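Fold and contact review
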Amino acid sequence: MAGANKMAESSVKKLIWSMGLPMVASMVLQGIYNVVDTAFVANMEEGGAAALLALTYAFPVQIFMIAIGVGLGIGVNALISSYLGAGQRERASKAAYNGIFLALCFYAIFLIFGLFFAEGFISMQAASLEDDALREQVINYGTDYLSINCIFSFGQILFAVFERFLQGTGRTMCSTIGQIAGAVTNIVLDYVFIFPCGMGVAGAAYATIIGQILSAIIDFTFHLIFVKEIDNKLKNLLPEWEIIKAIFVIGLPAMIMQALISINMLGINLILGTSSDPSTITGAYGIYFKVQQIALFACFGMSNTLITIVSYNYALGKKDRVIEAAKRGIVDTLILSALIFALFEAIAVPLSQLFGMAGGDSSTAIVELCALAIWITSPGFIFMGFSVAIQGILQGLREVFSPLIISILRLVVFIFPLVYIFLLSGNNWLVWVAFPIAEAITAFISFFIIRARLKNRLSKLGEKEPEPVQESL
């Protein structure tokens, strides 16, 4: 149990960075290939502007698929770490394979959505477009892209679970290799399918799902080879309702937190659709959202590291290590988010121009508005990093509602009314001010949440030995 010993005995500072950097790199790469996907379709010779809008309208469902995978993965990760920390190998094995069972169940739901509901979802958002030809093109592109991603979504959902098998046992480098292989494959195939093969938006979708399936295969192979702490037996796939309940108790708030990102994008798409120039501002938001995901995913990489370290040491009753992990984790995430803020401020213009190389008045206006959005919103990345780190610590402490409250504040309660109010001013640039304001208010509230919940949770460790995982949930 080399990975387990490392989490219990290694320097917390070293542990956060040794485990965190591969996870950050993995998550950032995921954000980068989302950006590349969008840049390639935006620069198609014909229909680039329509393709950009199509991907923007489809992305909320893609985020929701990620949410399911992440939520399941976090639930499985926390259980594996906690069971192994408590010496319960058989329960850890059951948790891992019950995670696979649940992933396949959710895949069936997305398969049905892709077959029957993709077109209606795209049409709902495209209804605000006044140009009939543009609206029809967006619906066709969006339906193709979304259907393919949903029908073959098993790769994405299973990868998210297999990744946590490796992370839950301290083997983050292995999960990073799988992520990198899938991302590089996606980027290469994006170009090949969209341009030489002339497959357009459908080509971008096929490139995405092939990369996801490859990542899932690689991570599961690493699991079979290197993870000796888990017994790989088919009987472990049989659902055990106590373990499934525990996965959902831990993972459901994480699912909802990630799903709120989907609701956030869908809601803002609909709000921006009421503007005087919906295609331009929504297109700019679609690009900005993909760029912002790089910063968010980097913070998620640190947050996921904190979940693993805090959960493992909390299960062992190591109060001092939990406190140290919380403090260092917040500081290190702030350092990371500050570096990303400085980088994005410096490269806002060339980064935005990647999406307008095909030229045209429409793309020029979108690119200029996107660059302005990055400049204005980047300071909010620091506040976002603070809140996301706190969410990871709370999840590691087996908190259910407090991390969810932070997400609801960030992604719904503050941002929707602020965007709508600023949009009413008639100045499109003012809309972007809403984002750092919402992040700052949420970070302020998060500070008081973590202070109260950390004190409450750790005070109980001094009263008795840590309980079995399910009894403590």
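Just so it is clear, the structure is predicted and the values come from calculations on it, not from any experiment.

Describing the overall build of the protein chain
Helices and strands together make up the secondary structure of the protein chain, namely 18 helices and zero strands. Dimensions along the principal axes, computed over C-alpha positions, put the protein chain at roughly 65 × 45 × 35 Å. The buried share of the protein chain, reckoned over its 473 residues, is 61%. Of the roughly 17500 Å² of accessible surface on the protein chain, a fraction of 67% belongs to carbon and sulfur atoms.

So, the environment of Phe-195
Mapped onto the secondary structure, Phe-195 falls in the loop between helix 8 (172-194) and helix 9 (200-226). Since its relative accessible area comes to 31%, Phe-195 is described here as partly exposed. Along the backbone, Phe-195 and Asn-269 are 74 residues apart, and their C-alpha atoms lie at a distance of 28 Å. Excluding residues that lie within four positions of it along the chain, Phe-195 makes contacts with Phe-40, Asn-43 and Met-44.

Section: the packing of helix 2 (residues 12-42) against helix 12 (residues 319-353)
Their axes nearest at 10 Å, the elements helix 2 and helix 12 cross at an angle of 45°. On the basis of the axis angle, helix 2 is oblique to helix 12. As helix 2 packs across helix 12, the resulting crossing turns out to be right-handed. Contact residues: Val-12, Lys-13, Leu-15, Ile-16, Trp-17 and Val-24 in helix 2; Arg-321, Glu-324, Ala-325, Arg-328, Gly-329, Asp-332 and Leu-336 in helix 12.

Side note on the pattern of salt bridges
Any two side chains of opposite charge can pair, given that their charged atoms come close. What the rule picks out here adds up to eight salt bridges. Ionic pairing is found between Glu-324 and Arg-328, a salt bridge with its closest N-O pair at 3.2 Å. Of this pair, Glu-324 and Arg-328 both sit in helix 12, four residues apart, which is roughly one turn of that helix. Between Glu-399 and Arg-457 there is a salt bridge, with the nearest N and O atoms lying 2.9 Å from each other. Linking Glu-399 in the loop between helix 14 (380-396) and helix 15 (402-413) with Arg-457 in helix 17 (residues 434-461), this pair joins segments that are 58 residues apart in sequence. Taken as a pair, Glu-399 and Arg-457 share a single burial class, namely buried. When salt bridges with common partners are traced through the structure, they connect Arg-91, Lys-94, Glu-240 and Glu-242 into a single cluster.

Comments concerning the confidence of the model for the protein chain
Summing up the model confidence of the protein chain, the mean pLDDT is 85 and the portion of residues at 70 or higher is 93%. The low-confidence segment residues 468-473 (pLDDT under 50) makes 17 contacts with residues lying over four places distant or belonging to another chain.

A short note on the packing of helix 10 (residues 241-272) against helix 15
Helix-helix packing is described using two parameters, namely the angle between the two axes and the distance between the axes. At a minimum axis separation of 9 Å, helix 10 and helix 15 run at an interaxial angle of 0°. On the basis of the axis angle, helix 10 is roughly parallel to helix 15. Facing helix 10, whose interface residues are Pro-253, Ile-256, Met-257, Leu-260, Ile-261 and Asn-264, helix 15 presents Pro-403, Leu-404, Ser-407, Ile-408, Leu-411 and Val-412. Across the contact of helix 10 with helix 15, the residue classes break down as 10 nonpolar, two polar and no charged.

Quick look at the packing of aromatic side chains
As enumerated under the stated definition, the model contains 22 aromatic pairs in all. Aromatic side chains Tyr-191 and Phe-195 sit 5.6 Å apart centroid to centroid with 45° between the ring planes, which places their arrangement in the tilted category. Judged by its relative accessible area of 44%, Tyr-191 falls in the partly exposed class. What links up through ring pairs into an aromatic cluster is the set Phe-59, Tyr-285, Tyr-288, Phe-289, Trp-432 and Phe-435.

Observations regarding helix 12
Along its 35 residues, helix 12 runs 49 Å from first to last C-alpha, staying within 8% of the 51 Å computed at 1.5 Å per residue. At Ile-347, helix 12 shows its largest kink, close to 65°, and the proline Pro-350 lies no more than four residues downstream.

A word on the side chain of Ser-446
You can see Ser-446 is positioned in helix 17. Once residues lying within four places of it in the same chain are set aside, the contact partners of Ser-446 are Phe-386, Ser-387, Ile-390 and Ile-406.

Some thoughts on unusual backbone geometry
When glycine is set aside, most residues are seen to have a negative phi, and most peptide bonds are trans. In this structure, Arg-398 is a non-glycine residue whose phi angle is positive, near 65°. Looking at the element boundaries, Arg-398 is found in the loop between helix 14 and helix 15. Using a relative accessible area of 7% as the deciding quantity, one classes Arg-398 as buried.

Structural notes on the environment of Gly-31
Inspection of the secondary structure assignment puts Gly-31 in helix 2. Sequence separation between Gly-31 and Ile-213 is 182 residues; the distance between their C-alpha atoms is 17 Å. Excluding its chain neighbours within four sequence positions, the residues that come into contact with Gly-31 are Lys-290, Ile-294 and Phe-297.

Cut-offs used in this document
Residues numbered from 1 in each chain as written. Predicted model: local features only at pLDDT ≥ 70, side-chain atom pairs only at ≥ 80, totals over all residues. Heavy atoms only, no water. Helix = DSSP H or I, 4+ residues; strand = E, 2+ residues; numbered from the N terminus. Buried < 20%, exposed > 50% of the residue type's maximum accessible area, 1.4 Å probe, protein only. Areas by Shrake-Rupley, 256 points an atom, 1.4 Å probe, with all protein chains shown as cover. Contact = heavy atoms within 4.5 Å. Axes fitted to C-alpha atoms, helices over the stretch in contact; angles between N-to-C directions. Parallel < 35°, antiparallel > 145°, perpendicular 65-115°, else oblique. Left-handed = near helix turned anticlockwise from the far one by under 90°. Salt bridge = Lys/Arg side-chain N within 4 Å of Asp/Glu carboxyl O. pLDDT = per-residue confidence, 0-100. Nonpolar A, V, L, I, M, F, W, Y, C, P; charged D, E, K, R; others polar. Phe/Tyr/Trp six-rings, centres within 6.5 Å; stacked < 30°, edge-to-face > 60°. Expected span 1.5 Å × (residues − 1). Bend = angle between axes of the 7 residues up to and from the residue.

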